[in-house]
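The primary structure of each chain is shown beneath.
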Amino acid sequence: MKDTPLSNCERDFLLNAIGEKRRLDGRQTYDYRNIKISFGTDYGCCFVDLGKTKVMAQVSCELITPKENRPNDGIMFFNIELSPMASPAFETGRQSELLVKLNRQLERCLRNSKCIDVESLCVVSGEKVWQIRVDVHLLNHDGNLMDAASIAAIAALSHCRRPDVGILGEDVTVYSPEERDPIPLSIYHMPISVSFAFFQQGTYLLVDPCDREERVMDGLLMIAMNKHREICSIQSSGGIMLLKDQVLRCSKIASVKVSEITELINKALENDKKVRKAGGRCGFAQSMPQERITALKADVSPVEMAGIKENANEIVQRAEAPSQSVPSPVLPAPGTGQVGEGLQTSWGLEEKEEEEEEEEEEEEDVQHVVEEQGRGDVVLISDSDSEEEEVVILNQEALPTKGTLSKQQRAADSKQQRAADSKQQRAADSKQQRAADSKQQRAADSKQQRAADSKQQRAADSKQQRAADSKQQRAADSKPQQKNKKQ
Amino acid sequence: MEVCGSSSPTLREFGCEQNLLSRPDGSSSFIQGDTSVLAAVYGPAEVKVSKEIYDRATMEVVIQPKVGVPSVRERAREQCVRETCEAALLSKLHPRSSFTLVLQVVHDDGSLLSCFLNAACMALMDGGLPMGCLFAGVTCAINGEGQIITDPTAVQEKGSRALMTFAIDSTERRVMMSSTKGSFTVHELQKCIAISQKASEKIFQFYRDSVRRRYSKTL
């Protein structure tokens with residue numbers, strides 16, 4: 001989402017007002033907005049309200065291996081999050097110019113000024129050091145994000161306690177806050193950034209610009225300073241040329257502002273310490289204003305339990321019984337395995353089973369042939385599934401005509417087809433025993449039907465007819481037998 | 001089957017402040033015990049062409065963790081919240097526009113997802129977005145002894161066998177979203193839903209009180 005642009009008349013109005021030494025919110029040139037510093041429930045969490053600008057900082061610690069060139073130094077890591085909460089123009093996960101600028105300035109202000117004793121963060125030289133990570137979340141953007149972020153970060157660092165560690169030989173033990181009191185970081189000084197906005201090519205200067213003032217300013221000067229009046233970093237942006245005495249004047253103003261803010265942070269830290277010592281509840285939840293019309297609080301409230309058991313019972317009883325896992329009627333194609341859906345695993349079993357079945361069938365066929373030979377019947381059309389046997393049978397028959405041969409061939413083909421079908425079906429049947437009955441019926445029926453149709457159409461010979469009849473009979477007889485055997 | 005134990009489940013003290021941020025169209029901070037979430041909503045506003053839906057508004061939810069960058073866990077919760085919001089919002093009234101909801105974790109002491117939902121609902125109300133119903137989030141935990149704990153703390157969550165969060169709507173107390181973890185029986189699930197429905201009434205009453213207070217002439 002794009003930010004709403006500032007209209008020309010708003011711009012002119014703001015600049016005219018600044019020219020008359022007036023500000024939109026009634027502040028004087030060098031006035032800061034109200035600063036409110038509060039701490040969270042856990043250590044190292046700090047909220048800063050600078051007027052309507054709202055920032056949250058959270059410090060976290062982690063044991064890591066140090067950098068090779070600095071084996072004795074702990075690592076400071078600063079991360080500013082431009083959450084879309086602060087302004088619709090901010091996007092998550094995008095390295096915008098503003099983000100880089102703010103992050104770099106915060107690093108220069110807090111890391112490069114060496115305000116924190118990084119050597120004290122070393123646990124085992126070259127192996128284990130503490131990494132102190134500072135996450136600064138911008139919650140509401142109403143100008144001067146840098147000052148708010150720097151105040152929040154340094155206050156959170158001063159509030160933070162890292163867990164105590166014990167070293168026994170090679171082992172490093174990290175003690176929980178219950179076992180040993182956590183240790184505060186050693187902080188040498190508190191650098192605080194103060195921003196100055198310049199208008200009309202440096203003619204006018206304002207401290208702590210709000211969002212609208214930032215939009216019409218020509219240049220920005222950020223001075224990071226500690227209460228000992230030592231400048232930690234200066235950055236001028238916006239491409240404005242500043243005179244020497246302008247910078248000096250700004251640094252003088254900054255020193256006054258910094259000492260005020262440092263005092264405020266110390267006071268807030270002391271208050272928090274007192275509350276924690278007294279064992280009272282502290283944190284953001286407790287700092288919620290009660291007198292505001294937009295805020296409301298409810299006390300601990302029991303949930304009524306009456307009728308809940310009956311209600312649940314009723315619903316469970318009324319609900320349909322969950323369907324038992326029914327073997328799904330999925331017919332796996334030959335050569336595929338199936339897992340799940342309430343079926344038995346058929347991975348790797350399929351081919352084996354089929355082979356077995358084939359063997360069985362062959363055995364049956366042999367039996368057939370033996371029977372028929374025993375009976376001494378003329379026709380030897382058995383329910384086999386291999387072409388060779390069929391051919392053998394043909395040879396045994398008295399010289400068929402060309403037409404009958406082709407007919408026989410066709411019959412053999414269709415039989416093969418059917419045999420293959422029935423084999424597949426049987427393979428499936430062995431798995432789906434419940435569905436087998438009806439299928440059997442159908443298989444037998446359809447086979448009869450098909451056999452009868454094809455034969456009857458072409459049957460001219462009564463012998464053939466008889467052969468077909470007897471075969472039908474046999475097919476109908478033998479199929480269910482086979483099935484029964486399998487069952 | 002063990003019914004919830006002798007101690008009746010309770011909701012921790014909860015509170016809410018609305019309209020505490022100046023930039024967003026609606027904002028709220030919701031506190032349940034020590035768990036605290038800050039929510040902000042922008043919308044209806046312009047939408048990126050790639051995300052535009054021709055007959056309704058696009059809902060976007062962003063969850064910012066307190067430390068580090070958003071991970072898969074945040075993404076999963078974003079989806080839970082987004083689907084609940086989409087069900088409650090009358091997004092057909094704002095075609096080709098966007099609603100953006102940003103949730104910032106302030107402190108996590110258990111029942112975070114339900115706190116997200118409550119904060120989201122309060123922020124949507126503050127933003128004056130058209131909604132078919134309100135929603136409330138309730139988290140239930142079933143501990144080792146089979147007792148049901150509503151609104152558990154982080155310690156109780158850790159010691160629980162199952163954890164369930166439901167979003168309940170205000171009109172018919174129906175379940176709009178459920179997110180569960182761990183194993184439980186059908187009976188326990190129904191019981192948790194029934195408890196959540198009861199608990200949601202407290203929250204809806206709180207919503208009502210808070211709106212009444214906000215539009216009253218005296219405190």
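Per an unreviewed UniProt entry, chain B is named Exosome complex component RRP46, and its organism is Umbra pygmaea. Quoted verbatim from the Sequence similarities (unreviewed entry) field of the UniProt record, the comment on chain B reads "Belongs to the RNase PH family."

Chain A appears in an unreviewed UniProt entry as Exosome complex component RRP45 from Umbra pygmaea.

1. Examining the pattern of salt bridges
Summed over all chains, the structure comprises 34 salt bridges over all chains. As a salt-bridge pair, Arg27(A) and Asp25(A) come within 3.1 Å of each other at their nearest N and O atoms. For Arg27(A), a relative accessible area of 10% translates into the label buried. A relative accessible area of 41% means that Asp25(A) is categorised as partly exposed. The partner of Glu188(B) in a salt bridge is Arg161(B), and the shortest N-O contact between them spans 2.8 Å. Residue Glu188(B) is found in helix 4 (residues 186-214), and its partner Arg161(B) is found in strand 9 (residues 160-169); the two are separated by 27 residues along the sequence. A relative accessible area of 10% places Glu188(B) in the buried class. Assessed through its relative accessible area of 35%, Arg161(B) is described here as partly exposed. In this structure, a network of salt bridges that share partners links the residues Arg23(A), Asp25(A), Arg27(A), Arg33(A), Asp142(A), Asp208(A) and Glu213(A).

2. What about the sheet that holds strand 11 (residues 192-199) of chain A?
Residues and elements named next belong to chain A. The strand order across the open sheet formed by four strands is 12-11-13-14, and the pairing between neighbours is antiparallel. Strands with a single pairing partner mark the edges of an open sheet, and in this sheet they are strand 12 (204-207) and strand 14 (231-237). Mean inter-strand twist for the sheet, computed between neighbouring axes without regard to direction, equals 20°. Bridge analysis of strand 13 (residues 219-225) against strand 14 gives six bridges, and the strand direction is antiparallel. Bridge pairing in strand 14 places isoleucine 223 opposite isoleucine 234.

3. Focus on the environment of Ser186(A)
Residues and elements named next belong to chain A. With respect to the element layout, serine 186 can be found in the loop between strand 10 (183-184) and strand 11. Sequence separation between serine 186 and serine 120 is 66 residues, and the spatial gap between their C-alpha atoms is 7.5 Å. Those residues in contact with serine 186 that sit more than four places away from it in its chain are Cys115, Ile116, Asp117 and Ser120. A polar contact is formed between the side chain of serine 186 and the side chain of serine 120, at a distance of 3.3 Å.

4. What about the sheet that holds strand 4 (residues 35-45) of chain B?
Strand order in the open sheet made by the six strands is 15(A)-2(B)-3(B)-4(B)-6(B)-5(B), with mixed pairing throughout. Either end of the sheet is taken by a strand with one partner, and the two such strands are strand 15 (295-298) of chain A together with strand 5 (58-64) of chain B. Across the sheet, the axes of successive neighbouring strands diverge by a mean angle of 15°, strand direction being ignored. Strands in contact with helix 2 (residues 112-126) of chain B are strand 2 (14-18), strand 3 (26-32), strand 4, strand 5 and strand 6 (98-107) of chain B; relative to strand 3 of chain B, the strand with the most contacts, it is inclined by about 150°.

5. Thoughts on the confidence of the model for chain A
On average, chain A scores 78 in pLDDT, and the residues at 70 or more come to 64%. Here residues 399-405 of chain A is a poorly scored stretch, pLDDT under 50, and it has one contact once near neighbours within four places are set aside; other chains count.

6. Observations regarding the packing of helix 3 (residues 145-159) of chain A against helix 5 (residues 244-277) of chain A
Residues and elements named next belong to chain A. Their axes nearest at 11 Å, the elements helix 3 and helix 5 cross at an angle of 40°. The element helix 3 and its partner helix 5 pack so that their crossing is right-handed. Touching Ile151, Ile154, Ala155, Ser158 and His159 of helix 3 are Ile261, Ile265, Leu269, Asp272 and Arg276, all from helix 5.

Conventions and cut-offs
Each chain has its residues counted from 1, following the order in which its sequence is written. Written order decides the labels, with chains lettered from A and ligands numbered from 1. For this predicted model, a pLDDT threshold of at least 70 governs which residues receive local features, and a threshold of 80 or more governs which side-chain atom pairs are given and counted, while totals over whole chains, interfaces and linings are taken from all residues. Derived side-chain values reflect all non-hydrogen atoms in the structure, with water molecules and hydrogen atoms excluded from consideration. UniProt positions are given in the numbering used here, feature names are shortened, and annotations may be inferred rather than shown by experiment. Any carboxyl oxygen of Asp or Glu that lies within 4 Å of a side-chain nitrogen of Lys or Arg is treated as forming a salt bridge with it. Exposure categories follow from relative accessible area, calculated using a 1.4 Å probe and restricted to protein chains: below 20% of the type maximum is buried, above 50% is exposed, and the middle band is partly exposed. For helices the rule is a DSSP run of H or I covering at least 4 residues; for strands it is a run of E covering at least 2, with both sets numbered from the N terminus onward. We call two strands paired when DSSP finds no fewer than two bridges between them. To obtain an axis, a line is fitted to C-alpha atoms, over the contacting stretch when the element is a helix, and the angle between two such axes runs from 0 to 180 degrees between their N-to-C directions. Note on contacts: a residue pair is in contact if any heavy atoms of the two residues lie within 4.5 Å. Here a polar contact is recorded for every N or O atom pair within 3.5 Å, except that within protein the pair must consist of a potential hydrogen donor and a potential acceptor, and residues adjacent in sequence are included only if both atoms are side-chain atoms. A score between 0 and 100, pLDDT records how confident the predictor is in each residue. In this scheme the crossing of two helices becomes right-handed for a clockwise turn of the near helix relative to the far one and left-handed for an anticlockwise turn of less than a right angle.

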